Structure formats: C-alpha cells, structure tokens
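This is what each chain is made of:
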Amino acid sequence: MENRPDREHNTTDRAEKRRIPILYLVVPCYNEEEVIEKSALVMGDKLKKLGREGKIAAGSKVMFVNDGSRDRTLRLLHEIADRDAMFSVVSLSGNYGHQSAILAGMMMARKYADAVVTIDADLQQDIEALDQFLASYMSGSDVVYGVRNDRHSDGIFKKGTATAYYKLMHLLGSNVMANHADYRLMSRKALDALAEYKETNLFLRGLIPTMGFPSDVVYFDVKAREAGHSKYTFSKMMTLALDGITSMSVRPLRMIAVLGFIFFLFFGGVGVTVIVDWVQGNNVPGYTTTLLVSLLTGGVTLISLGIIGEYVGKIYMETKHRPRYLIDTFVWKEENAEEK
C-alpha cells in the first residue's frame, strides 16, 4: 500500500469558527484555446453547485490568468467574462511562466476571496475534490494540498523521471510534497503571508510548505485531458526542477565542498605513493592513469562550477529587484453590474 503523509487533524482545535467562504478558482492559461470553453463550463457549474449546497458564499468566481498566450485564448476568455460575471480575467503583459501566473492570480484574488484554489485549465485535476478542500478549510486548515493518488496515466518516462525528481529534491533538502502539482487551497491569511515573500525565483511547491500554517492533504484521481496537449515541455520541466533545487536548498554547494575534500584526500594519497616510488627508483609510465585522472577532475570541476554558477545567477537576478510579472488588463465584474 502506498505510503502517504499523515493529515494534520489537529487544526480543528485551534481554528476559529469560520464563515462560509467566498471562493476563487485561479486558473493559469497558456495557449488553451482548445479546452478553455469546456473548462469555463465545468468550473462554473461546479461553483454554482457548491453555492446551492451552501458550501461557498455569493461572489465566488473563476479567475483565469492569461500567461501571454499566442493563440485565441485571451479573446475567448474575454468573451466568457462578458457573458457571465462569475468569470474574471487577469492578462499578463507577456509569458512569465507557470509559477508567476499562479502567483499573479492568487495575489489578485486575495483582494476579494476568503479562500483561493489554484487549478490547471486542462481539467485533469479532479474538480470534485473541491468539496474536500472546503471541508478541510472549514475545519481550520489554511493550506490544503491536492495530491494525485497515483501516476498510472503517465508514460513510463514521465513516471520514472517524476519519481526520481521527488527523491532527488528530498535528498537535496527541499521539503516538496510528492505528486503535488500546484492544485491547492490557500486561505486569505496564508496568501497575505505569501505576499511578504519577495524573491524573484519562485518555486511555490517548495516555498508554501515552509510557511508553517495548519495544513491538510486531499487525494484525487487524475483525469484524461479534455482537449489539446500539455504545454509543459521537457525543457520547462527541467527548468522547474532546477529552480526547485537551487531556490530551496544550498545542499548542492555543501556537496561540492565535501566532494572537494574527498578528492583532496585521494590525491594526497596518490601524491605520497608517487613520491615513495620516485625515491625507490620505481618510475613506471602512467599515461593512461594520468589521462583518466585529468578527465575525471576536469569533469567534476566543470560540474561544480556549473552548480555554483546557477546560484550566482539566482543572486544576480534577485539583486535586480525586477517585478515577477506585469498585468496588462484585468476584467472583473460584480454580479449583475457594469464592468469595473
């Protein structure tokens, strides 16, 4: 049976009595024209159902975040928002990446909502899990993580690399929850705290667990994508993995120091051996050994410089204090009111 982290049920005892929340779904979008109409229909119907059941308050919305889409996504989003005030649109001035798009949506939504759930536009993350998210929120959780039950829907390569990635992240000291991919609920209190983090290099999956708020886990099944194809390419996944490691841990730098010390001891021993052989007159040609040692040390040196360079680059970007995103347009309407 799969090992799973224990839920933090102790949140109820220390939680105040919570009112029914205004809920915002934050949905990052990049070239999603094939699925966006279906996504709006499914998400809108779910919010209406939750409203009828008394689980969310009036004023709850779906907030789409257009992350510099190059297709008809933005036009379709504006049409959806014009038809129904339940939908809001934040359009970024360019493509800032998935993490920045999520952050932009959450920071905008916290002005209006009591709780925010981030969810992908492709409908693969089971929207029916919202009932459990809200139940955990009402019991006192400020952060609720959506964790997929398994990876049966992934190919062999993706499943293997994902497993290796989470193991590597834990090995390198990053507290990342396995099989959690930015499907989460956060209360306004947690979002206000997140707003205090000013770093440019964002890795929300690693950052949010360090905040320490009462949390819970909800497990869900991954569904087949409704339309289109994933925009998360292999290069983007590799970039996210690298950002996650270098943004949340300095253990790779410590590993370089340890590796350097080991090499120092090894070559110190080799040096003593060579000197002893020289004194005894046993000079043996060692071209192959010399070549292999040179290649090994050269390779390790380049890898070490590359890791150090990643951290230096992160420092360089942080010192610029550039905005993490810029908002081009924002569409938000009151129910049965003119656009604001």
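Residues numbered from 1 in each chain as written. Predicted model: local features only at pLDDT ≥ 70, side-chain atom pairs only at ≥ 80, totals over all residues. Heavy atoms only, no water.

1. Points about helix H5 (residues 130-138)
Leu130, Asp131, Phe133, Leu134, Ser136 and Tyr137 are the residues of H5 that are buried. In this structure, the buried residues of H5 make contact with strand E1 (23-29), helix H2 (36-52), strand E4 (115-118), strand E5 (143-148), strand E6 (180-187) and strand E7 (215-220). Looking one or two residues past H5, Gly140 carries a phi angle of roughly 120°, positive in sign. (Buried < 20%, exposed > 50% of the residue type's maximum accessible area, 1.4 Å probe, protein only. Helix = DSSP H or I, 4+ residues; strand = E, 2+ residues; numbered from the N terminus. Contact = heavy atoms within 4.5 Å.)

2. What about the confidence of the model for the protein?
Parts of the prediction with low pLDDT should not have their coordinates interpreted in detail. With 68% of its residues at a pLDDT of 70 or more, the protein shows a mean pLDDT of 80. Predicted confidence for residues 1-15 stays below pLDDT 50, and this span has 23 contacts to residues more than four positions away or in other chains. (pLDDT = per-residue confidence, 0-100.)

3. A closer look at the environment of Val65
Considering the arrangement of structural elements, one finds Val65 in strand E2 (residues 61-66). Here the alpha-carbon distance between Val65 and Leu103, two residues 38 residues apart in the chain, equals 9.7 Å.

4. Here's the deal with the environment of Ser60
Positionally, Ser60 belongs in the loop between H2 and E2. Taking the relative accessible area as the measure of exposure, Ser60 reaches 5% and is therefore buried. C-alpha of Ser60 to C-alpha of Tyr112: the two residues are 52 residues apart in sequence and 8.8 Å apart in space. Residues within four places of Ser60 in sequence aside, it is in contact with Pro21, Ile22, Leu23, Tyr24, Leu47 and Met86. At 2.8 Å, the side chain of Ser60 and the backbone oxygen of Ala57 are in polar contact. (Polar contact = N/O pair within 3.5 Å; in protein donor to acceptor, adjacent residues only side chain to side chain.)

5. Thoughts on the side chain of Arg184
With respect to the helices, strands and loops of the structure, Arg184 is situated in strand E6. Here Arg184 falls in the buried class, since its relative accessible area comes to 1%. Side chain to side chain, Arg184 and Asp182 meet in a polar contact 2.6 Å long. Excluding residues within four positions of it along the chain, Arg184 makes contact with Val116, Val117, Thr118, Phe133, Val144, Tyr145, Gly146, Leu204, Arg205 and Ile208.

6. Digging into the pairing of strand E3 (residues 87-92)
E3 sits mainly inside the fold: 6 of its 6 residues count as buried. Looking at chain direction, E2 and E3 are connected through 5 bridges and run parallel. Within E3, the position partnered with Met63 by the bridge is Ser88. Chirality of the crossover, the property in question, places the unit of E2, helix H3 (residues 73-83) and E3 among those that are right-handed. Here E3 runs beside strand E8 (residues 327-331); their pairing, made up of 4 bridges, is antiparallel. Bridge pairing in E8 links Val89 to Val331. (Pairing = 2+ DSSP bridges. Right-handed = clockwise from strand over helix to strand, strands pointing away.)

7. With respect to unusual backbone geometry
Although it is not a glycine, Asn31 sits at a positive phi angle of roughly 55°. Inspection of the secondary structure assignment puts Asn31 in the loop between E1 and H2. Phi is positive for Asp182, which is not a glycine, with a value near 65°. Mapped onto the elements of the fold, Asp182 is located in strand E6.

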